[in-house]
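Spelled out from the first residue to the last, the chains are:
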Amino acid sequence: RVFPVAGGAAGGGQVASIPVFIHVGEDPDALTVHAKENYSLQVNATGVTLTADGPDGVVHGLATLAQLVTRDENGPKLAFADITDSPRFPWRGIMIDTSRHFMAVSTLQRQIDAMELLKLNVLHLHLSDGTGFRVESKTLPELTAKGSHGQYYTQRELKDLVAYAADRGIRVVPEFDVPGHALALLLAHPELAAQSPVNPDPKNKNTAALDPTVPGTLRLVRRLYAEMGRLFPDAYFHSGGDEVDPDEWLKNPKIVAYMKENGFATPQALQAHFTVEVQKILADQGKIMVGWDEVSEAPIPKDVVMDVWRSSKFLSSASADHHPVIVSAGYYLDLLQPASQHYLVDPYDPAANGITRAQADALLAKGGRPDLVNAFLKEPAPPPLTDEQKSYILGGEAPLWSELVTDEMLDARFWPRAAAIAERFWSPASVRDVPDMYRRLAVVNAELQITGLQAQANTHRMALRLSPG
Ligand code: NAG
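Sequence order sets the numbering: in each chain, residues are counted from 1 along the sequence as written. Predicted model: local features are reported for residues with pLDDT of at least 70 only, side-chain atom pairs are reported and counted for 80 or more only, and whole-chain, interface and lining totals are derived from all residues. In computing side-chain values, all of the structure's heavy atoms are included and hydrogens and water are not.

1. Some details on the overall build of the chain
A run of H or I in DSSP counts as a helix once it spans at least four residues, and a run of E counts as a strand once it spans at least two, with each numbered from the N terminus. In terms of helices and strands, the chain carries 19 helices and 15 strands. Contacts are assigned to residue pairs that have any heavy atoms within 4.5 Å of one another. Across the chain, every contact between residues at least 6 apart in sequence was considered, and the portion connecting residues at least 24 apart equals 70%. The Shrake-Rupley method, run with a 1.4 Å probe sphere, supplies the accessible areas, and residue values consider only the shown protein chains as cover. Summed over its atoms, the accessible surface of the chain is roughly 19100 Å², and 56% of this surface lies on carbon and sulfur atoms.

If you want it as C-alpha cells, here you go:
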C-alpha cells in the first residue's frame, strides 16, 4: 500500500526509491486483540530496516517512516534515524457518533486514514441513540425500518470498513446504547418502553429508556448483540449505559413495584442489575463489555471496562474498584469551545497546562488554539492516582458527539486536535513541550491533508504560523 508522504506529494517531488527490509515476529497473539505494536526503525545510507513484533508494529513503523520525509527548497528529504518505539497505552481511540448525524462511509474511511498516520488504534462507533439506529440488522429489520430515516450502514459496508481498519492497525468497537438513549430502538419496539406510549418528540430523544423489568428487553439485547457481535469481530463490545433518566423508571408504577419486590432501592441499583444481565449476555458471546461510567454506580463485575466520561472523580473510583478504564473525560471534541464542563483542566490556566503565563499569553495573542494545547497536555492518568490505579488504565478516547456536527464538519472538529491527543496516548507522560508539539504538528498536518481531510488548510497554516522559527 502507498503511504501518503508529505514531502513527496506536496510539489510532485519524488523520493528516490530505497530498499525497506521488514522483519515481523511470529507471535500468534499479534493478530488478535492485544496486537503487538512495538517496532524499531533504522534509516541510514544502506536503506530502511523495520522490525516489529506483529503487523500493527509494521503499520506504526511505516507511519513513522512517512514522518521522516520532509521537503525544503532542495526537494524531498528522508531523515536518517534509529528509533525504538512502543505505545504508552494499548487503547488509543476516537469515538464517532453516527446516530445524531449520519456519517458517510467515506468520511469514516478518511478518519481511519488519519488515525493510521497517528498510530491511533481504536475506532469506537456510536451506532444507536435517540436520533437513529444505524446498522442493517437481518434478524431485526424493523430497527432500521422504523429508527433510521433510511440512513444506515449495510452489513457489507461495515464488514468492508472493519477490514479496511484492520489493514491499518485499527480495531473497530461498536456501541449500541442501552437502556437509555433508546428512542430509535423504541420506535420499532414500543412494547419495551419504560414510558408508554412512546413519545416520538425530539425533546424525548435523549431520555426515552427501555424498561429493564420486562423479559423482552433482555431478549432484544441478546439477539441484537449476537448479530452485531459477529459483524464486529473485536473482543470488546460497548453497551452504552449513560444518562438513564431516573424519572423514566420511577414514573412507571410497574417498574417501581419491581424495584420494591427485588430490593432495588434506587434506579442506579436497578441499572446495575440490568448491567449484570447484559454483561452475562456479552460474556456468553465471548465479548468483553465496555460501558459509560454510570454503569458502575452500584457494584458490577470487575471485568466490565469503564469508559469514564464525566470527570476525574469517576476515573479515580473506577480504577480504585479495579475496573479496566478508558479515559474519555477531557478529550471531548464535539465542542468547539474548550472552556466547557467536559474539560478537567482549564485550558486557560497555564499552571494546569504546564506552560508559563507568558507562553499561554503568547499563544492566545497569536490567535492560537489553547484547546489544541489543552488536548496535547491533558494527562490521562493524573495525580493523585496511585500506581496501582494507573495500572488499570487501558488508554483513552477522543469522543465526537454529533448533535452539532455534520458529516461536512467532522474532519475539522477532529483534526488536528486528535493528532495532539494521539501523541498524548502514545508518548511518555514527560513529552509536554508545546512549541515542539507545534513543530511536529506541521509535519503531521501536511500528511493529513494528503489523506483528503477537509478543512485542514486553515489549521495547517495556523500551526505553521505558531511554530517557533
Ligand atoms: C453526554 C451524552 C451524549 C451527548 C454528549 C454531548 C455521553 C456519554 N453522553 O451528554 O449523548 O451527545 O454528552 O457532549 O457523553
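2. Describing the side chain of aspartate 211
For aspartate 211, the position within the fold is in the loop between α6 (183-188) and α7 (215-231). Lysine 254 provides the closest opposite charge to the buried, unpaired aspartate 211, separated from it by 7.2 Å. Among all residues touching aspartate 211, those that are not within four sequence positions of it are Leu192, Ala193, Ala194, Thr217, Asn252 and Ile255. Each residue's exposure class comes from its accessible area (1.4 Å probe, protein chains only) as a fraction of the maximum for that residue type: buried when under 20%, exposed when over 50%, partly exposed otherwise. For the charge count, each Lys or Arg is scored as positive and each Asp or Glu as negative, with His and the chain ends excluded. Should a side-chain nitrogen of Lys or Arg be within 4 Å of a carboxyl oxygen of Asp or Glu, the pair is scored as a salt bridge.

3. A closer look at the packing of aromatic side chains
Only Phe, Tyr and Trp rings are paired, with Trp represented by its six-membered ring, and only when their centres lie within 6.5 Å; those with planes under 30 degrees apart are stacked, over 60 edge-to-face, the remainder tilted. Applying the stated rule across the entire model yields 11 aromatic pairs. Measuring from centroid to centroid gives 5.6 Å for tryptophan 292 and tryptophan 401, while their planes differ by 45°, and the two rings are tilted. Here the residue tryptophan 292 occupies a position in strand β12 (residues 288-292), and tryptophan 401 occupies one in the loop between β15 (393-400) and α16 (410-414), the gap between them amounting to 109 residues. Plain terms: the ring middles of tyrosine 331 and phenylalanine 425 are 5.0 Å apart, the flat faces sit at 75° to each other, and that makes the pair edge-to-face. Remark: phenylalanine 425 occurs in helix α17 (residues 417-426) and tyrosine 331 occurs in the loop between β14 (325-327) and α12 (350-353); sequence separation between them is 94 residues. An identical accessibility class is assigned to tyrosine 331 and phenylalanine 425; each is buried. Taken together, the ring pairs in this structure connect Phe133, Phe176, Tyr225 and Phe237 into an aromatic cluster. By the criterion adopted, a ring carries a charge over it if an Arg CZ or a Lys NZ lies within 6 Å of its centre and within 35 degrees of its normal. A cation sits over an aromatic face here: arginine 168 above tyrosine 164, 3.6 Å from the ring centre.

4. Quick look at the site of the ligand
Residue proximity to a molecule or strand is established when one non-hydrogen atom of the residue lies within 4 Å of it. Around the ligand sit 11 residues in total, of which Asp242, Glu243, Tyr332, Asp334 and Glu403 are the nearest. At 2.8 Å from an oxygen atom of the ligand is found a side-chain nitrogen or oxygen belonging to arginine 100. Polar contacts, as counted here, are pairs of nitrogen or oxygen atoms within 3.5 Å of one another; within protein the pair requires one atom able to donate a hydrogen and one able to accept it, and residues that are adjacent in sequence qualify only if both atoms are side-chain atoms. Taking glutamate 403, its side chain carries an N or O atom lying 2.6 Å from an oxygen atom of the ligand. Relative to its unbound accessible surface of 370 Å², the ligand loses 89% to contact with the protein. We call Asp, Glu, Lys and Arg charged. Ala, Val, Leu, Ile, Met, Phe, Trp, Tyr, Cys and Pro are nonpolar, and the rest, Gly among them, are polar. Here the residues of the shell around the ligand sort into 4 nonpolar, 2 polar and 5 charged.

5. Quick look at the sheet that holds strand β1 (residues 20-24)
Each pair of strands is called paired provided DSSP finds at least two bridges between the two strands. Sheet architecture is open: 4 strands sit in the order β1-β3-β2-β6, paired in mixed fashion. Each having just a single partner strand, β1 and β6 (81-85) make up the two edges of the open sheet. Across this sheet, the average inter-strand angle for adjacent strands is 5°, counted without regard to direction. By the bridge criterion, 5 bridges tie β1 to strand β3 (residues 47-52) in an arrangement that is parallel. When the bridges of β3 are listed, valine 20 appears paired with valine 48. To get an axis, fit a line to the C-alpha atoms, keeping to the stretch in contact for a helix; angles then go from 0 to 180 degrees between the N-to-C directions.

6. Some words on the pattern of salt bridges
The tally for this structure, following the rule as stated, stands at 19 salt bridges. The residue lysine 280 makes a salt bridge to glutamate 277 at a minimum N-O spacing of 3.1 Å. Residue lysine 280 and its partner glutamate 277 are both found in helix α10 (residues 267-284); the two are separated by 3 residues, about one turn of the helix. Linking aspartate 436 and arginine 440 is a salt bridge whose minimum nitrogen-to-oxygen distance equals 3.0 Å. Of this pair, aspartate 436 and arginine 440 both sit in helix α18 (residues 434-450), 4 residues apart, which is roughly one turn of that helix.

7. With respect to the side chain of glutamate 175
Among the secondary structure elements, glutamate 175 is positioned in strand β10 (residues 171-176). Only 2.8 Å separates the side chain of glutamate 175 from the side chain of histidine 124, close enough to count as a polar contact. Setting aside chain neighbours within four positions, we find glutamate 175 in contact with Met95, His124, Leu125, His126, Leu127, Ser128, His238, Gly240 and Trp292.

8. Considerations on α17
Burial analysis of α17 places 10 of its 10 residues in the buried class, which makes it a mostly covered element. By the burial criterion, the buried members of α17 are Arg417, Ala418, Ala419, Ala420, Ile421, Ala422, Glu423, Arg424, Phe425 and Trp426.

9. A short note on the nonpolar core
The nonpolar core is taken to be a set of buried Ala, Val, Leu, Ile, Met, Phe, Trp, Tyr and Cys residues, with the residues joined through side-chain atoms within 4.5 Å. Counting residues in hydrophobic clusters, the biggest one holds 94 residues, and the most contacted among them are Ile96, Leu123, Phe176, Leu224, Tyr225, Phe414 and Trp415. Ignoring any residue separated from it by four or fewer positions in sequence, one finds isoleucine 96 in contact with Met103, Leu108, Gln111, Leu123, His124, Leu125, His126, Leu400, Leu410 and Phe414. Ranked by size, the runner-up nonpolar core spans 12 residues in total, among them Tyr39, Ala52, Leu65 and Ile83.

10. Digging into the packing of helix α3 (residues 105-118) against α18
In the contact formed by α3 and α18, the axes pass within 10 Å of each other and the chain directions differ by 150°. As far as their axial angle goes, α18 and α3 are roughly antiparallel. Handedness of the crossing formed by α3 with α18: right-handed. Where α3 abuts α18, its residues Ala114, Leu117 and Leu118 lie against Val444, Glu447 and Leu448. Each angle receives one of four descriptions, namely roughly parallel if under 35 degrees, roughly antiparallel if over 145, roughly perpendicular if within 65 to 115, and oblique otherwise. The crossing is said to be left-handed when, going from far helix to near helix, the turn is anticlockwise and less than a right angle, and right-handed when the turn is clockwise.

11. Re a nonpolar patch on the surface
Among the surface-exposed residues, Val20, Ile22 and Val24 lie close enough to one another that they form a single nonpolar patch of about 210 Å² accessible area. Isoleucine 22 gets classed as partly exposed once you look at its relative accessible area, which sits at 40%. Each patch is built from salt-bridge-free residues with over 30% relative accessible area, joining like charges within 9 Å and nonpolar side chains (Val, Leu, Ile, Met, Phe, Trp, Tyr) within 5 Å.

12. What about the environment of threonine 46?
Considering the arrangement of structural elements, one finds threonine 46 in the loop between β2 (39-44) and β3. Threonine 46 sits 26 residues away from valine 20 along the chain, and the two C-alpha atoms are 9.6 Å apart.

13. Things to note about the pairing of strand β4 (residues 69-72)
When β4 meets strand β5 (residues 75-78), the two strands line up antiparallel, connected through 4 bridges. Considered in β5, the bridge of valine 69 is made with leucine 78. Here β4 folds back onto β5, and the loop between the two strands holds 2 residues.

14. Quick look at unusual backbone geometry
Among all residues save glycine, negative phi is the norm, and among peptide bonds the norm is trans. Note the cis peptide between valine 178 and proline 179, where omega equals 0°. Relative to the helices and strands, proline 179 resides in the loop between β10 and α6. The omega torsion across serine 196 and proline 197 is -10°, close enough to zero to call that bond cis. Among the secondary structure elements, proline 197 is positioned in the loop between α6 and α7. Located in the positive-phi region is lysine 119, a residue other than glycine, with phi close to 65°. Mapping lysine 119 onto the fold places it in the loop between α3 and β8 (122-129). We classify lysine 119 as buried; its relative accessible area is 9%. Positioned with a positive phi, histidine 322 is a non-glycine residue whose angle comes to about 65°.

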